[in-house]
Amino acid sequence: MTGMDRRRRRLLLVVVALVVLFAAFILTHPRGFSVYVVTIWANQGVLLALAAIAQFFVVIVRGIDLSIGSIIALTNVAASYLVFGTPGEIAFGIVVVLALGVLCGFLNGLVVVFGRVEPIVATLATGAIYGGIALLWRPIPGGEIDDTLGDLLTYDVNGVPTSLIVLVVVLVAISIPLRRTRIGLSMLAVGSSEQSAFLTGIQVRVAKLVAYSLAGLFGALTALYIAFVTLTGDPAIGPAYTLNSIAAVVLGGVPLTGGVGAPLLAVLGALILKTISSLMFFTGIPPLAQSFFEGLVLAVAIGIGAIDALRSRSKLKVYE
Amino acid sequence: MPKRLPVDPSVLLILAGCVIIVAVGGIFIGNFFTSAYLLQQLQIASFLGILAAGAMLVILLGHIDLSFPWTLTGSAIIVTTIGGATSSWLQDLAIPLGLAFGLLIGLINGVVVAKLRIPSMVWTLAVNSMLLGIAIYYQGEHRPQGQAPELVKTLAVGSTFGVPNAFLTWVAVSAAVLWLIRGTRFGRLLFAIGNNEKAVFLAGARPERTIILAFALAGLLAGFVGILLAGYANQAYQGMGNPYLMPTIAAVVIGGTSILGGRGNYAGTFAGALFVTLLLSALSVIQISEATRQIIFGVLILAMLILDGLRRRDA
């Protein structure tokens, strides 16, 4: 099977899974198909989808960002101090929040690129730092977010959830440059083979720094959207987002070994994950056992993706 | 060629770090120079140290096990629940069952990672989440009941000729792990797989067995620490393993083991566990908030890793 076929099949599988799950969710939901239900679903899904895009950028350069949840927590707390008041103040606040996210991501990149610390440990440590700052800045949830803007971005436009529209715009805005621009292709090349990329004359360091900074940017975007949905800042939201962003990327079929994948896959993975947890909520699974089912879903999903390893005819291929 | 030191320089760097912490702590905070304090640190470091020994086996392969916090908690719950049973033959089963639980989780991790080639980080995260769900569902919102068997309390809290038994246990585990790493075929394969798994396969060895065994041992050691901690606190409680996740990985990595696998030495892991314990202890003695402690811990770990990376590059 060629790589192209496998990728198409994967996309098809993910889309079908999402459609089936979504249908099951609508059927079990007491209120059925309505703008209200779909909008709530979309808001929840988009939050994780943005976090999954953040994780995606680091994963394609063969990295991993265990600090993404902490970046989200920190920028969410920042938003709760900055995003309200006059339109000018709000705009300024949003810019500062996004810049803070980029800064966090850029620092991760610096540690990985120039400190030569492996991404998994580097971001574990920076995550502790960002999370600590968030906790110092706002020990308990609170603060204020402009609710007019929040409503605008979390309701619907003629029956279509605004958050879904935003997500589609974001997807188009990043998917095309990733395949068409020099920096986008550089990131994919670095993830595919750092040595070959270097020998081709690609600026490996720049590509990685950009990837980590973009992860920070999307972490901040996630945080802003969380702020618009909850209208508060919460320093404790981090860990769940770290775990679920990785799960979403893997569920979507983006390999953690880097170099391949599209943001769309990560987003679909995130939507699947959120649909499953909404589904569990309405099918009456005891809330205490929810972690078990979340873990189970993740385990089964990656297990299905790994069946190829068992079927592989050449044993040698398995070790590549 | 420079003269080879008998010990890896990074181990000396860490031990120097330990001395600095104790010296600074002793001068500015007090009580650090007493033997009671230092012995207590050795006792606490033992739990982290045994976890780090297990984690290192897996990390040498280029894999990682993130399921140990709830594996440990599971073993602790089993031991205290059965240890608090009324019939004595059931009580005798407490420790073997606790260990068997850790071994079982480790075996499952190993088989899945080796056979299905699933990224171990994602798989063990999923396992951790499942174990958490089971534990919380089983226990409800109440604290787990029961108590630890006497033998476990003796191991975890008691001391022999003034030396904490926990530390002696750690030394014994260390000797066994050192032998495994240095003296057996399994140990050589650990490094070989971490460096180039494909080459190991082509050379005619079977990487799968080594991977399964490494994960199984890591699970067993996590279960063992769960039992010891249950003895230390004479109870099991939800989330008792969570505070160990980052320190354990930090101890292994600071000790000079590459997270990519294939490179590392056990002396470094041992010293790393001591260093992390002393650091956390010093940070908890000074009156600062949990958040500040977290920040300082993160900064220091990062500084150690960058320093070590720079030293390696110069060498």
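It should be noted that the structure appears before, not after, this text.
Residues numbered from 1 in each chain as written. Chains lettered and ligands numbered in written order. Predicted model: local features only at pLDDT ≥ 70, side-chain atom pairs only at ≥ 80, totals over all residues. Heavy atoms only, no water.

Student: I would appreciate a short explanation of the overall build of chain B in the present structure.
Tutor: Looking only at helices and strands, chain B features 13 helices and two strands. A compact globule built from 315 residues should have a C-alpha radius of gyration of about 20 Å, and chain B, at 20 Å, falls within 12% of that. In terms of principal-axis extent, the alpha carbons of chain B reach across some 65 × 55 × 40 Å. A total of 315 residues make up chain B; the buried ones form 56% of that total. (Helix = DSSP H or I, 4+ residues; strand = E, 2+ residues; numbered from the N terminus. Rg over C-alpha atoms; globule rule 2.2 N^0.38 Å. Buried < 20%, exposed > 50% of the residue type's maximum accessible area, 1.4 Å probe, protein only.)

Student: Explain the pattern of salt bridges to me, please; I cannot follow it from the model alone.
Tutor: Any two side chains of opposite charge can pair if their charged atoms end up close together. All names here are of chain B. On inspection of all chains with the given rule, the structure shows five salt bridges over all chains. With a shortest N-O distance of 3.2 Å, K153 and E150 are connected by a salt bridge. Separated by three residues within a single helix, K153 and E150 lie in helix α7 (residues 150–157), roughly one turn from each other. Assessed through its relative accessible area of 55%, E150 is described here as exposed. (Salt bridge = Lys/Arg side-chain N within 4 Å of Asp/Glu carboxyl O.)

Student: Just to check I follow, could you spell out the interface of chain B and chain A for this structure?
Tutor: Interfaces are often described in size by the accessible area the parts lose on coming together. If you look at the interface, chain B gives 42 residues, while chain A gives 45 residues. In total, about 3,900 Å² of surface goes out of reach between chain B and chain A, with carbon and sulfur atoms giving 82% of it. Here chain B and chain A share zero salt bridges between them. For the pair chain B and chain A, the interface holds one residue pair in polar contact (both at pLDDT 80 or more). Elements that contribute at least two residues to the side of chain B that touches chain A include exactly α5 (94–116), α6 (120–139), α9 (185–202), α10 (207–233), α11 (245–254) and α13 (290–314) of chain B. Looking at which element gives the most residues to the side of chain B that touches chain A, the answer is α6 of chain B, with twelve residues. Partitioning the side of chain B that touches chain A into residue classes produces 28 nonpolar, seven polar and seven charged. (Contact = heavy atoms within 4.5 Å. Buried area = accessible area lost by both parts, 1.4 Å probe. Polar contact = N/O pair within 3.5 Å; in protein donor to acceptor, adjacent residues only side chain to side chain. Nonpolar A, V, L, I, M, F, W, Y, C, P; charged D, E, K, R; others polar.)

Student: When you look at the packing of helix α2 (residues 35–60) of chain A against helix α10 (residues 204–230) of chain A in this model, what are you seeing that I'm missing?
Tutor: Relative orientation and spacing of two packed helices are given, respectively, by the angle between their axes and the distance between those axes. Residue and element names in this part refer to chain A. Contact geometry of α2 with α10 gives a least axis separation of 7 Å together with a crossing angle of 170°. In terms of their interaxial angle, α2 and α10 are classed as roughly antiparallel. Of the residues in α10, those in contact with N43, L47, L50, A51, I53, A54, F57 and V58 of α2 are A211, Y212, L214, A215, F218, G219, L221, T222, Y225, I226 and V229. Here the residues of the contact of α2 with α10 sort into 16 nonpolar, three polar and no charged. (Axes fitted to C-alpha atoms, helices over the stretch in contact; angles between N-to-C directions. Parallel < 35°, antiparallel > 145°, perpendicular 65-115°, else oblique.)

Student: Is there a simple way to think about the packing of aromatic side chains in this case?
Tutor: For any pair of aromatic rings, the description rests on two quantities: the centre-to-centre distance and the angle between the ring planes. Residue and element names in this part refer to chain A. Inspection of every chain in the model, using the stated rule, returns ten aromatic pairs over all chains. A centroid spacing of 5.8 Å and a plane angle of 70° characterise the contact between F56 and F57, whose relative ring orientation is edge-to-face. Overall, the relative accessible area of 3% leaves F57 in the buried class. Both rings, one in F292 and one in F293, keep their centres 5.2 Å apart while their planes meet at 85°; by these two values the pair is edge-to-face. A relative accessible area of 22% means that F292 is categorised as partly exposed. Given the relative accessible area of 25%, F293 is considered partly exposed. Following the ring pairs from residue to residue traces out a cluster consisting of F22, F25 and W41. Positioned above the aromatic ring of Y81 is the side chain of R138, whose terminal nitrogen or guanidinium carbon lies 4.0 Å from the ring centre. (Phe/Tyr/Trp six-rings, centres within 6.5 Å; stacked < 30°, edge-to-face > 60°. Lys NZ or Arg CZ within 6 Å of the ring centre and 35° of its normal.)

Student: Which parts of the structure should I look at to understand the environment of G143 of chain A?
Tutor: Residues and elements named next belong to chain A. Within the secondary structure, G143 is located in the loop between α5 (119–137) and α6 (147–154). Given a relative accessible area of 40%, G143 falls into the partly exposed group. Between the C-alpha atom of G143 and that of L82, which follows or precedes it by 61 residues, the distance is 9.2 Å. Other than its neighbours up to four places away in sequence, G143 contacts S80, R138, L231 and T232.

Student: Help me understand unusual backbone geometry in this model?
Tutor: Glycine aside, residues mostly have negative phi, and peptide bonds are mostly found in the trans state. Unlike most non-glycine residues, R62 of chain A shows phi in positive territory, near 60°. Relative to the helices and strands, R62 of chain A resides in the loop between α2 and α3 (68–82). We classify R62 of chain A as partly exposed; its relative accessible area is 49%. In the Ramachandran plot, F161 of chain B falls in the positive-phi region, its phi being about 50° despite a non-glycine side chain. Position of F161 of chain B among the secondary structure elements: in the loop between β1 (159–160) and β2 (163–164).

Student: Got a minute to help me understand a positive patch on the surface in this structure?
Tutor: A cluster of basic side chains, namely R185, R188, R206 and R209 of chain B, defines a positive patch on the protein surface. By relative accessible area, which is 51% here, R206 of chain B ends up exposed. (Patch = residues over 30% accessible without salt bridge, like charges linked within 9 Å, V, L, I, M, F, W, Y side chains within 5 Å. Areas by Shrake-Rupley, 256 points an atom, 1.4 Å probe, with all protein chains shown as cover. Lys, Arg positive; Asp, Glu negative; His and termini not counted. Charge placed at Lys NZ, Arg CZ, Asp CG, Glu CD.)

Student: What's the story with α5 of chain B in this structure? I'm lost.
Tutor: Residues lying three or four places apart along an α-helix face the same way, a consequence of the helix completing one turn every 3.6 residues. Residues and elements named next belong to chain B. In this model, α5 (23 residues) spans 33 Å end to end at C-alpha, consistent with the 33 Å of a helix rising 1.5 Å per residue. Among all positions of α5, only A94, G98, F101, G102, I105, G106, N109, G110, V112, V113, A114 and L116 are buried. Backbone geometry just after α5 places R117 at a positive phi near 60°. (Expected span 1.5 Å × (residues − 1).)

Student: Sorry, what's going on with the environment of V172 of chain A here?
Tutor: Residues and elements named next belong to chain A. Looking at where V172 falls in the secondary structure, it is placed in helix α7 (residues 162–180). Residue V172 is classed as partly exposed on the basis of its relative accessible area of 46%. Along the sequence, V172 and L264 sit 92 residues apart, while their C-alpha atoms lie 9.1 Å from each other.

Student: I tried to follow the packing of α7 of chain B against helix α8 (residues 165–183) of chain B on my own but got confused; where do I start?
Tutor: All names here are of chain B. α8 packs onto α7 with a crossing angle of 85° between their chain directions and a minimal axis gap of 5 Å. Taken together, the axes of α7 and α8 lie roughly perpendicular to each other. Between α7, through T154, L155 and A156, and α8, the contact on the second element is made entirely by N165, A166 and T169.

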